[in-house]
Amino acid sequence: MLLNWTVMILYNYFSAMFVGPGYVPLGWTPEKSQDCMYLQYCKVCQSYKAPRSHHCRKCNRCVMKMDHHCPWINNCCGYQNHASFTLFLLLAPLGCIHASFIFVMTMYTQLYNRISFGWSSVKIDMSAAKRDPRPIIPFGLSAFAASLFALGLALGTTIAVGMLFIIQMKVILTNKTSIESWIEEKAKDRIQYYQTGETFIFPYDMGSKWKNFRQVFTWSGIPEGDGLDWPVRDGCHQYSLTIEQLKQKADKRVRSVKYRAIEDYSGVCCPVTKGVKTFFTTPCTEEPRIALSKGDLILATRGLKHWMYGEKILDSAADGGVRERGWFPRKCVEKYQYDSETDQPVDGEKKNR
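Residues numbered from 1 in each chain as written. Predicted model: local features only at pLDDT ≥ 70, side-chain atom pairs only at ≥ 80, totals over all residues. Heavy atoms only, no water.

Asks: Honestly, the packing of aromatic side chains in this entry has me stumped. Any pointers?
Replies: As enumerated under the stated definition, the model contains 14 aromatic pairs in all. Ring plane angle 90° and centroid distance 6.4 Å describe the contact between W72 and F88, whose orientation is recorded as edge-to-face. Of this pair, W72 sits in the loop between β5 (68–70) and β6 (75–77) while F88 sits in helix α2 (residues 82–112); the two residues are 16 residues apart in sequence, bridging distant segments of the chain. Residue classification places W72 among the partly exposed residues on the basis of a relative accessible area of 40%. Taken together, the ring pairs in this structure connect Y13, F14, F18, W72 and F88 into an aromatic cluster. The ring of Y193 carries R255 above its face, with NZ or CZ at 3.8 Å from the centroid. The ring of W307 carries the charged tip of R289 above its face, separated from the ring centre by 5.6 Å. (Phe/Tyr/Trp six-rings, centres within 6.5 Å; stacked < 30°, edge-to-face > 60°. Helix = DSSP H or I, 4+ residues; strand = E, 2+ residues; numbered from the N terminus. Buried < 20%, exposed > 50% of the residue type's maximum accessible area, 1.4 Å probe, protein only. Lys NZ or Arg CZ within 6 Å of the ring centre and 35° of its normal.)

Asks: Where do I start with the environment of C236 in this structure?
Replies: Within the secondary structure layout, C236 lies in the loop between α5 (209–214) and α6 (240–255). On the basis of relative accessible area, C236 is assigned to the buried category, the value being 17%. As a C-alpha pair, C236 and F200 span 36 residues in sequence and 9.9 Å in three-dimensional space. Excluding anything up to four places from it in sequence, C236 contacts I201 and P203. (Contact = heavy atoms within 4.5 Å.)

Asks: It is not clear to me how a nonpolar patch on the surface should be interpreted in this structure. Could you clarify?
Replies: On the surface, L2, F101, I102, V104, M105 and Y108 cluster together into a nonpolar patch covering about 550 Å² of accessible area. In terms of residues, the nonpolar patch owes the most to one element, α2, which gives five residues. For Y108, the location among the structural elements is in helix α2. (Patch = residues over 30% accessible without salt bridge, like charges linked within 9 Å, V, L, I, M, F, W, Y side chains within 5 Å. Areas by Shrake-Rupley, 256 points an atom, 1.4 Å probe, with all protein chains shown as cover. Salt bridge = Lys/Arg side-chain N within 4 Å of Asp/Glu carboxyl O.)

Asks: Help me out: how do you make sense of the environment of K58 in this one?
Replies: Looking at the secondary structure, you find K58 in the loop between β3 (54–56) and β4 (61–63). Through-space distance from the C-alpha of K58 to that of H69 is 7.6 Å; in sequence the pair is eleven residues apart.

Asks: Just checking my understanding: could you explain the pairing of strand β9 (residues 257–261) for this structure?
Replies: The side chains of a regular strand alternate, residue by residue, between the two faces of the sheet. β9 sits mainly inside the fold: four of its five residues count as buried. As paired elements, β9 and strand β10 (residues 297–303) share four bridges and run antiparallel to each other. By the bridge assignment for β10, Y259 is matched with I298. Taken together, the three bridges between β9 and strand β13 (residues 333–335) define a ladder with antiparallel strand orientation. (Pairing = 2+ DSSP bridges.)

Asks: Whenever I open this one, the UniProt feature "transmembrane region" (unreviewed entry) in the protein chain confuses me. Can you help?
Replies: With numbering matched to this structure, UniProt assigns "transmembrane region" (unreviewed entry) to residues 6–24, 87–108 and 136–167. From the first C-alpha to the last, residues 6–24 spans 33 Å; its make-up is 74% helix and 0% strand. (UniProt positions renumbered as here; feature names shortened; annotations may be inferred.)

Asks: What is the right way to look at the pairing of strand β11 (residues 307–312) in this model?
Replies: Of all six residues that make up β11, five are buried, and the element is covered over most of its length. Sheet analysis places β10 next to β11, joined by five bridges and oriented antiparallel. Residue I298 lies in a different strand from β11, and its bridge partner there is K312. Here β10 folds back onto β11, and the loop between the two strands holds three residues. Strand direction decides the pairing type here: β11 and strand β12 (residues 324–329), joined by six bridges, are antiparallel. Along β12, the bridge assignment pairs G310 with G326.

Asks: Quick question: what am I supposed to make of the pattern of salt bridges here?
Replies: Note on pairing: side chains with opposite charge can pair once their charged atoms come close. Using the criterion set out here, one finds eleven salt bridges in the structure. Notably, a salt bridge pairs R52 with E180, separated by 2.7 Å at the nearest N-O pair. With R52 in the loop between β2 (47–48) and β3 and E180 in helix α4 (residues 178–194), this pair connects stretches of sequence that are 128 residues apart. Under the relative-accessibility criterion, E180 is labelled buried at 0%. E324 is the partner of K312 in a salt bridge, and the nearest nitrogen-oxygen pair spans 3.3 Å. With a gap of twelve residues between them, K312 in strand β11 and E324 in strand β12 connect regions that are remote in the sequence. Take K312: its relative accessible area is 11%, and that puts it in the buried class. Accessibility expressed as a relative area gives 32% for E324, which makes it partly exposed. Beyond isolated ion pairs, a larger network of salt bridges with shared partners links R190, E198, E244 and K247.

Structure, rendered in structure tokens:
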């Protein structure tokens, strides 16, 4: 049984790793040229981002139905390998539960005949088993310690990976990805902030958990569709989600705040010279840090108490140059008081975003 778990776990693990998520073809454009207005353009891949696709900085490609980039498989989880990755998250805890049961029963049976109870003490004799016949494999103190350590690893893996499996199943049963769940939450926040009165309906929810489940898991192992066109629910169309993404992108530009660097920052993950609080509160994310030089202008879009995230304003940005986005310490920048184009003071309400 343990061999069966091992084979199934490794098969799905390597399938998720080597099959990959599927990438949007380089230079891809929609069949109808007028549909380009509903899509974002990727300057790195030199193509439009197909519905449900996102550009991964690690893979350096636009990934079809991207859920996230997983360091465990050194690849993205997306359209083609979502099922294999989720099965790996299911089988790994089940195998660890089986192993935990074996470890517990082993320690119980081995210790049962070694424990002697007194009026005020409990003694454990690890020298030899007090039974006949003796076990084939000796169970000494080192074996007990190794079994106890392995039991801790098995239980820890069961809890950690099991929670990830539950999270994945929640998004699969609504036919979403982790990124699309985040987009939906931001859509609700945008509508509430501007009081537009519109209602955002997620277009890819088929209305049935079984139908949503079948969008990922099939008997053939090949997911439905081609990763570029997707079935949508009534009242929505193929670009409902991408239109919402464009609205959120425009809203981010409106609500962003311009800052100017007053200190140099090398771009290290945990800067020692920027204060103890900045050092210990570095964002726990794979998103990059950006190096700053005194006088650089940054357009900040979000932030924490001691860190901010934004895009460095470059002279070549308007000409299609490389964009520099990432985290930087809040103490290295100050609010840019005047806009160079309008020479008007920036709204003071945005100062402490």
